[in-house]
Structure formats: C-alpha cells, structure tokens
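Notes for the structure review
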Amino acid sequence: MPNNPVFPQNKLEILSGLRNLFFSDRARPAENTPAKDPKPMTSDQKPSPPGVDPTHEQMIRHLRHANEVAKSTMAEGHHPFGAVLVGADNETVLLEQGNINTVNHAEATLARRAAEIYSPEELWGMTLYTTAESCAMCAATQYWANIGRMVYGMSERQLLDLTGANEENPTLDIPSRYIFEHSQKNIRVWGPVPEVIEEIVALHLDFWK
C-alpha cells in the first residue's frame, strides 16, 4: 500500500495526527484574549413559577405540619428537621420527609423523592415547606428538582445560633436566597415566619445541648 497520509501506517502517526488536529493554530484561542464571562441573568429574565403564591395563613399551617414531621423524626432518633411538599393548589400535602442523616437532609431527600414521582413542569408550580431554612446542598437540590417555591420557618442563621459548633450539625451560614439569586430560575422564597419560630425552636433548644 502506498504511503498515503490519509491512511497512517502506525499508532504513532495516528496520535500525531490527532495532536495536530486539536492543537493546530486554528483550534488555539488567540493569545492575550481575555475570556468573556457570560452576563448574569436579571430577575425579570429568569422564569418564574406559575400559579398563585400561598397565603400567609397557608404558610403557617404547612410549616406547623412540617414541624410535626420534625417531632416524629426526633422521636425516632434523628435530628429535628421536617419538610413537606404542597401541590400547586397550595392546599394538598403531597409528600412529607424528616431528616435522615448528615447528607440526607429532610429537604434534599424530599426534593429527590419528588423528582422521581412528578415531572419538572408539575414541580415548578409546587412549594417546599421546611422548618429550618435550606442549606446550600438542599437549596441546590430543590433547584435541580425544579420546585418553584420555598417557605421556611427559622433562618439558617437562627439555626446556627442554636447548634453552635456541634459536630453532628456544623451549620452553614449561607442564605438560600443567595443560592437562588445565583441561579437561572426565579425560585420564590418566604421566611423566616415569626408566628412559628418559637414552636420550631422549642424542638432544638434541648436537642443540641
């Protein structure tokens, strides 16, 4: 067979050809050309969840439901956190979830379960209620699950004041709104809710001592 460059004769020639292909001057970025950062999306450019937002009365009622889940979870030997998922009608409780362990928080576990059951389009109109504000992991899981709203009872900063440096729960201090503000969706957030803070905190006062 003739020595045709289109048909390399050995592996070295193949590798050499690939190297020339990927690192040719045409494929290289121009030197000293700064990379362009994409412009962040403004709030009005991000998609917002459909439907009607929950009323304040509905928020209080569903947060109290989530706190009952937290009580049951604590009775089973887990950390006292609870979450519920409410449908687009702002009335129907579809799922409830307590804390499992350090990496399976109530909200993240609930969001993963919901993503297995409901479509992203359905979840976009739903609301996740949680006794304590979602940490960065849980907020990100809600984002990827495509749950359009969140309501929390007490803030993560308030939780940190309760847990302190407890090694079982080294609480972060990153607002969930910060996570969503740096995303591509306009996930709506309410909290803290003063009417339920005292009863939520009551579960934590003795637990973290």
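Rules and cut-offs
- Residues numbered from 1 in each chain as written.
- Predicted model: local features only at pLDDT ≥ 70, side-chain atom pairs only at ≥ 80, totals over all residues.
- Heavy atoms only, no water.
- Helix = DSSP H or I, 4+ residues; strand = E, 2+ residues; numbered from the N terminus.
- Contact = heavy atoms within 4.5 Å.
- Pairing = 2+ DSSP bridges.
- Axes fitted to C-alpha atoms, helices over the stretch in contact; angles between N-to-C directions.
- Patch = residues over 30% accessible without salt bridge, like charges linked within 9 Å, V, L, I, M, F, W, Y side chains within 5 Å.
- Areas by Shrake-Rupley, 256 points an atom, 1.4 Å probe, with all protein chains shown as cover.
- Salt bridge = Lys/Arg side-chain N within 4 Å of Asp/Glu carboxyl O.
- Buried < 20%, exposed > 50% of the residue type's maximum accessible area, 1.4 Å probe, protein only.
- Core = buried A, V, L, I, M, F, W, Y, C linked by side-chain atoms within 4.5 Å.
- Phe/Tyr/Trp six-rings, centres within 6.5 Å; stacked < 30°, edge-to-face > 60°.

Some thoughts on the side chain of serine 176
- Looking at the secondary structure, you find serine 176 in helix α7 (residues 176–181).
- If we ignore the near neighbours within four places in the chain, the residues touching serine 176 are Glu133, Ser134, Ala139, Met150, Tyr152 and Val189.

Some details on unusual backbone geometry
- The amide bond that connects glycine 191 to the next residue, proline 192, takes the cis arrangement and shows omega of -5 degrees.
- Along the polypeptide, proline 192 turns up in the loop between β5 (188–190) and α8 (194–205).
- One non-glycine residue, asparagine 90, lies in positive phi territory at about 65 degrees.
- Within the secondary structure layout, asparagine 90 lies in the loop between β1 (82–86) and β2 (93–98).
- If you check the backbone angles, asparagine 146 has positive phi at about 80 degrees while not being a glycine.

Some remarks on the sheet that holds strand β4 (residues 149–154)
- Reading across the sheet, the five strands line up as β2-β1-β3-β4-β5 and stay open at both edges, with mixed pairing between neighbours. The open sheet has two free edges, formed respectively by β2 and β5, since each of these has just one partner strand. The sheet shows a mean angle of 15 degrees between the axes of neighbouring strands, direction not considered.
- Bridging between β1 and β2 involves five bridges; their strand directions are antiparallel. When the sheet's bridge partners are listed, leucine 85 is paired in β2 with leucine 95.
- Together, β1, β2 and β3 (127–132) form the strand contacts of helix α3 (residues 106–117), whose direction differs from that of β2 by roughly 140 degrees.

Details of a nonpolar patch on the surface
- Together, Leu172, Ile174 and Tyr178 line one region of the surface with nonpolar side chains, adding up to about 260 Å² of accessible area.
- Looking at where tyrosine 178 falls in the secondary structure, it is placed in helix α7.
- Owing to a relative accessible area of 45%, tyrosine 178 belongs among the partly exposed residues under this scheme.

Things to note about the nonpolar core
- Within the largest apolar cluster, 20 residues are counted, with the highest numbers of intra-cluster contacts made by Leu63, Val84, Tyr129, Val151, Met154, Val193 and Val196.
- For this core, the secondary structure elements donating two or more residues are α2 (56–75), β1, β3, β4 and α8.
- Top contributing element to this core by residue count: α2, with five residues.
- Not counting chain neighbours up to four residues away, the residues in contact with valine 151 comprise Met59, Leu63, Thr127, Leu128, Tyr129, Thr130, Trp190 and Val193.
- Listed in part, the 13 residues of the second largest apolar core include Leu95, Leu110, Ala114 and Leu123.

Quick look at the pairing of β3
- Here β3 lies mainly inside the structure; six of its six residues are buried.
- Two elements, β1 and β3, share four bridges in a ladder whose sense is antiparallel. Each bridged residue has a counterpart across the sheet, and for alanine 83 the counterpart in β3 is threonine 130.

What about the packing of aromatic side chains?
- Counting across every chain of the model gives three aromatic pairs.
- Ring plane angle 45 degrees and centroid distance 6.4 Å describe the contact between phenylalanine 81 and tryptophan 208, whose orientation is recorded as tilted. Note that phenylalanine 81 is positioned in the loop between α2 and β1 and tryptophan 208 in the segment after α8, a separation of 127 residues in sequence. The burial state of phenylalanine 81 is the same as that of tryptophan 208; both residues are buried.

So far we have only geometry, and geometry alone does not tell us how the molecule works.
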